[in-house]
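The primary structure of each chain is shown beneath.
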Amino acid sequence: MKPIINAITVILLLAAGMPVSGAEIPSDKAVEPAGAPAPFGPTPNARQLRWQGLKVYAFIHFGMNTFTGKEWGFGDESPDRFNPTAFDADQIARTVKEAGFAGLIFTAKHHDGFCMWPSAYTEHSVKNSSWKQGKGDVVKEMAEACKRQGILYGLYLSPWDRNRADYGKPEYVAYYHNQLRELLTHYGPVFELWFDGANGGSGYYGGANDKRTIDGKTYYQWDKTVKLINELQPETVVWGAEPYGDVTWGRSEGGTVPDPAWKNGGGLRQGNRWAPYEADVSIRSGWFSGGMKTPNQLMDMYFKSVGRTGNLLINIPPDRRGIINEKDIEVLQAWHQIMTQTFDKDLALGAKVSATNTRGNSPRYAPSQVLANTPDAYWTTDDNQLTPELVLDLGKPTTFNVIELGEYLPLGQRIESVALDYWNGKWVELATANIVGSQRYIRTPDTTTTQLRLRVTKAHACPAIKKFSLYLMPHLLVEPQITRGIDGTVKILPETSGSSFHYTTDGSDPTEKSPTYSQPFPILRGGMVKVRCIPSSGQPGAIVSAPFGLAKTQWKVVSSTGNLSEARRAIEESTTRRWRAPLYKAPQAPQEIVVDIGKAEKVTGFTYLPDVKGADGNVTHYEFYLSQDGKSWGEPAAKGEFGNIKASPILQTVTLSQPTQARCFRFVATHTVADKGEVVISELGILAE
Ligand code: FUL
């Protein structure tokens, strides 16, 4: 019989920086002492349990796309294009560590197939780039830097490979498995292996330049793939690969997980396997580059991912130098500061804790265990007590605005709903929440009280609660919102008298010397508006930027394959009203819109805003034509795909290979996410010299 690794032992060993011994696949069940409640439903295996404690770690998207400016490379890029000027693995790993992250997951290979290590199985790798005369190995340098910094190292190996001639055939799967073997045997421990859902489609494919269709569920033989990984590194958490993997995609690329997030297979309460959610998001608008998110946005995502019992994977893409950019570091540091100001002080510590029931009246399961913060301490009740109550007596008036609850996971996810009351001469209900899981953060208004009561209002088995904490998050500066009207007038909201919003329109970062916003101002030719709240005392807020193209004052829709008056919505600077038109009246006929921009301009590019909530009609492939008279169009000025728009529906910017004088443009949606039903355009814009 194989020895069983107790889940708690794994956590303790890892916390002490010691490796988990042996190459055994961890047990599905932790060994609980006699008298403990029976587990309810699916429970985490040892690697999942360890993973739950990580909370936040970094994604590092770095590769060919960093140099081509694409989100999805086609696979035909020359290895020579990969040429960072100052790659520094330690700078990347140090930045991740200093941001308080547990580790990082590095893109060993993205969809373009370019390998960031000198794989023995392909020529399409760093070994054929001029970077370090082909002697470089980014995967290795990153592994060593993570080890030096004491953070975990994970890898992303894209199953979809647009470079390989054999993609779509069984040979490619053998190639993919060989690469997994290389990555799991040459570079030390890998805490998580990340795949992705993007599969098949058009690509270079060794020069075939065609489209490959595969069945993502069966083609990669996930059962064999996961078995191989488990054999090579039993502690590696496997992302996706359903139903064989350990961790489930959070269902958006927006840094959130669904709520409620039951762990039992696809978020189902009645599921039969532990399937925790991981939220992924980029600190930039794209995975490889783009506009910055703000510390407030990251904080919000933290509450909507970790706070809903998931983990959060935040992408910080190195720039073309091969290091994390100063701007990303600034945002990370500001966010880290909010995190430590919030979570470093647990205001519940020291409280007296009482409850309506304690299992067998045993001190092992005493109510005070919710404050113990050790891996095996939890409060639980007798089996028949499904709706017990617990009171924190704080001893003195205490002000908080975040409540944290956590279940003891080796016994499964047992609680369906809770309520919280504060004492104000009588009990007053403050908040309710559904599932709890590994941790549930509940945000409340600033509340001052001496006592707080937790009521479990529904549970499937007697609750087992390991954590009850209170925090006071600092009040964050309001982040400005930048909008522009059809006449080119820019407004910065919220409009408050004596506003301390400083702004620039030349791309530079606003300082206290930049103009203060007092009234709307025009941006007619386009440009970048950057705004920052700089209060008279205290720290300045985050920089919020908005790129604008030409003002649309004179624009007119000339024709469209949909309803003409509705098509106007595509050019009215509104992100809430979208043009949705039936697509493909005949399957081969693409949908299009022709716009007259009022006078001839030297056009340098265009923007397409999809439905940012995601839609089947979002455009994946386009053609863009220019004309002086709206009659003769010639060859497309640009043509291509909006890579990754299905999973990440963000503003798309296309730069033309050469600026072109024109008065009319024609945007053709050749394919959409679902390729049927409708095409959706939230907004089209034109960039000009
Ligand atoms: C997706 C990919 O298509 C994106 O490019 C990115 O790598 C994201 C994390 O996963 O599936």
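Residues numbered from 1 in each chain as written. Predicted model: local features only at pLDDT ≥ 70, side-chain atom pairs only at ≥ 80, totals over all residues. Heavy atoms only, no water.

1. Remarks on the overall build of the chain
Then comes step 1: Helix and strand counts for the chain come out as 10 helices and 31 strands.
Then comes step 2: A globule of 689 residues ought to have a C-alpha radius of gyration of about 26 Å, and the chain, at 27 Å, matches this closely.
Then comes step 3: Overall size of the chain, expressed as C-alpha extent along the three principal axes, is 85 × 65 × 50 Å.
Then comes step 4: Across the chain, every contact between residues at least 6 apart in sequence was considered, and the portion connecting residues at least 24 apart equals 73%.
Then comes step 5: Approximately 28,500 Å² of the chain is accessible, and the part contributed by carbon and sulfur atoms is 51%. (Helix = DSSP H or I, 4+ residues; strand = E, 2+ residues; numbered from the N terminus. Rg over C-alpha atoms; globule rule 2.2 N^0.38 Å. Contact = heavy atoms within 4.5 Å. Areas by Shrake-Rupley, 256 points an atom, 1.4 Å probe, with all protein chains shown as cover.)

2. Considerations on the packing of helix 8 (residues 295-305) against helix 9 (residues 326-343)
Then comes step 1: At a minimum axis distance of 8 Å, the contact between helix 8 and helix 9 shows a crossing angle of 50°. Taken as axis vectors, helix 8 and helix 9 run oblique relative to one another. Between helix 8 and helix 9 lies a crossing of right-handed hand. Together, Pro-295, Asn-296, Leu-298, Met-299, Tyr-302 and Phe-303 of helix 8 and Val-331, Ala-334, Trp-335, Ile-338, Met-339, Thr-342 and Phe-343 of helix 9 make up the contact between the two elements.
Then comes step 2: Split by residue class, the contact of helix 8 with helix 9 holds 11 nonpolar, two polar and no charged. (Axes fitted to C-alpha atoms, helices over the stretch in contact; angles between N-to-C directions. Parallel < 35°, antiparallel > 145°, perpendicular 65-115°, else oblique. Left-handed = near helix turned anticlockwise from the far one by under 90°. Nonpolar A, V, L, I, M, F, W, Y, C, P; charged D, E, K, R; others polar.)

3. Remarks on the domain arrangement of the chain
Then comes step 1: Domain annotation for the chain reports domain 1 (1-31), domain 2 (46-340), domain 3 (352-471), domain 4 (481-548) and domain 5 (556-688).
Then comes step 2: Its C-alpha centre places domain 3 at a distance of 53 Å from the equivalent point of domain 5. (Domains from an automatic or database assignment.)

4. Points about helix 9
Residues spaced three or four apart along an α-helix point in a common direction, a consequence of the helix completing one turn every 3.6 residues.
Then comes step 1: Taking 1.5 Å of rise per residue, the 18 residues of helix 9 would be expected to cover 26 Å, and the 25 Å separating its terminal C-alpha atoms lies within 8% of that figure.
Then comes step 2: Every buried residue belonging to helix 9 is among Asp-328, Val-331, Leu-332, Trp-335, Ile-338, Met-339, Thr-342 and Phe-343, and all of these are buried. Summarising the axial view, the buried residues of helix 9 lie within an arc of 125°, below the 170-degree limit, and thus occupy one face. (Expected span 1.5 Å × (residues − 1). Buried < 20%, exposed > 50% of the residue type's maximum accessible area, 1.4 Å probe, protein only. Arc of directions from axis to C-beta.)

5. Points about the environment of Asn-230
Then comes step 1: Inspection of the secondary structure puts Asn-230 in helix 7 (residues 222-232).
Then comes step 2: Overall, Asn-230 belongs to the buried group, its relative accessible area being 10%.
Then comes step 3: Sequence separation between Asn-230 and Asn-272 is 42 residues, and the spatial gap between their C-alpha atoms is 20 Å.

6. Digging into the sheet that holds strand 20 (residues 501-504)
Then comes step 1: The three strands lie next to each other as 20-22-23, forming an open sheet whose pairing is antiparallel. Two strands close off the open sheet at either side, each with one partner strand: strand 20 and strand 23 (543-548). In this sheet, adjacent strand axes meet at a mean angle of 20° when their direction is disregarded.
Then comes step 2: Here strand 22 (residues 527-533) runs beside strand 23; their pairing, made up of six bridges, is antiparallel. Across the sheet, Val-529 pairs through a bridge with Ala-546, a residue of strand 23. (Pairing = 2+ DSSP bridges.)

7. A short note on the site of the ligand
Then comes step 1: Taken together, 13 residues form the shell around the ligand, and within it His-61, Trp-72, His-110, His-111 and Tyr-156 come nearest.
Then comes step 2: One nitrogen or oxygen atom from the side chain of His-110 is found 2.9 Å from an oxygen atom belonging to the ligand. (Near = heavy atom within 4 Å. Polar contact = N/O pair within 3.5 Å; in protein donor to acceptor, adjacent residues only side chain to side chain.)

8. Here we look at the packing of aromatic side chains
Within a pair of aromatic rings, the relevant descriptors are the distance that separates the centres and the angle that separates the planes.
Then comes step 1: Overall, the coordinates contain 48 aromatic pairs when judged by the stated rule.
Then comes step 2: Their ring planes at 55° and their centres at 6.2 Å tell us that Phe-62 and Phe-67 sit as a pair that is tilted.
Then comes step 3: For Phe-67, a relative accessible area of 10% corresponds to the buried category.
Then comes step 4: One aromatic cluster in this structure is built from Tyr-167, Tyr-172, Tyr-175, Tyr-176, Phe-195, Tyr-205, Tyr-219, Tyr-220 and Trp-222.
Then comes step 5: The residue whose ring lies beneath Arg-164 is Tyr-175, and the NZ or CZ to ring-centre distance is 3.6 Å.
Then comes step 6: Taking NZ or CZ as reference, Arg-666 lies 4.4 Å from the ring centre of Tyr-625, over its face. (Phe/Tyr/Trp six-rings, centres within 6.5 Å; stacked < 30°, edge-to-face > 60°. Lys NZ or Arg CZ within 6 Å of the ring centre and 35° of its normal.)

9. Let's talk about the pairing of strand 18 (residues 481-484)
One face of the sheet, then the other: side chains in a regular strand alternate in exactly this way.
Then comes step 1: By the alternation rule, side chains of strand 18 split into Ile-482 and Arg-484, which are all buried, and Gln-481 and Thr-483, of which none is buried.
Then comes step 2: When strand 18 meets strand 19 (residues 489-493), the two strands line up antiparallel, connected through four bridges. Paired with Thr-483 across the strands is Lys-491, a residue of strand 19.
Then comes step 3: Taking the residues between adjacent antiparallel strands as the criterion, strand 18 and strand 19 are bridged by four residues, where Gly-488 takes a positive phi near 90°.

10. Observations concerning the pattern of salt bridges
Then comes step 1: Counted by the stated rule, this structure contains 31 salt bridges.
Then comes step 2: Asp-166 is the salt-bridge partner of Arg-164, the closest N and O atoms lying 3.0 Å from each other. Asp-166 shares its class with Arg-164; the two are buried.
Then comes step 3: Linking Asp-300 and Lys-304 is a salt bridge whose minimum nitrogen-to-oxygen distance equals 3.0 Å. One end of the pair is Asp-300 and the other is Lys-304, both in helix 8 and four residues apart, which spans about a single turn.
Then comes step 4: Judged by relative accessible area, which is 31%, Lys-304 ranks as partly exposed.
Then comes step 5: Connected through shared salt-bridge partners, Glu-389, Asp-421, Glu-429, Arg-453 and Arg-455 make up one network. (Salt bridge = Lys/Arg side-chain N within 4 Å of Asp/Glu carboxyl O.)

11. Focus: helix 6 (residues 170-186)
Then comes step 1: The end-to-end C-alpha distance of helix 6 is 25 Å, a good match for the 24 Å that 17 residues give at a rise of 1.5 Å each.
Then comes step 2: For helix 6, the complete set of buried residues consists of Tyr-172, Val-173, Tyr-175, Tyr-176, His-177, Gln-179, Leu-180, Glu-182, Leu-183 and Leu-184.
Then comes step 3: Summarising the contacts, the buried residues of helix 6 are in contact with strand 2 (103-109), helix 5 (138-149), strand 3 (152-157), strand 4 (192-194) and helix 7.
Then comes step 4: Immediately beyond the C-terminal end of helix 6, within one or two residues, lies Gly-188, with a positive phi of roughly 80°.

12. Focus: the side chain of Asp-161
Then comes step 1: In this fold, Asp-161 is placed in the loop between strand 3 and helix 6.
Then comes step 2: Accessibility expressed as a relative area gives 0% for Asp-161, which makes it buried.
Then comes step 3: A polar contact is formed between the side chain of Asp-161 and the side chain of Lys-109, at a distance of 2.8 Å.
Then comes step 4: Within the structure, Asp-161 has its side chain in polar contact with the backbone nitrogen of Asn-163 (distance 3.0 Å).
Then comes step 5: Sequence-distant contacts of Asp-161, defined by excluding residues within four places in its chain, comprise Lys-109, His-111, Asp-112, Gly-113, Tyr-167, Tyr-172, Tyr-175 and Tyr-205.

13. Section: the packing of helix 4 (residues 89-98) against helix 5
Then comes step 1: Orientation of helix 4 relative to helix 5, taken along the N-to-C sense of each, is 45°, at an axis distance of 8 Å. It follows that helix 4 is oblique to helix 5 by the angle criterion. Every pair of crossing elements has a handedness; the one defined by helix 4 and helix 5 is right-handed. Across from Ala-89, Asp-90, Ile-92, Ala-93, Arg-94 and Lys-97 in helix 4, the residues of helix 5 making contact are Glu-141, Met-142, Ala-145, Cys-146, Arg-148 and Gln-149.
Then comes step 2: Looking at the contact of helix 4 with helix 5, its residues break down into six nonpolar, one polar and five charged.

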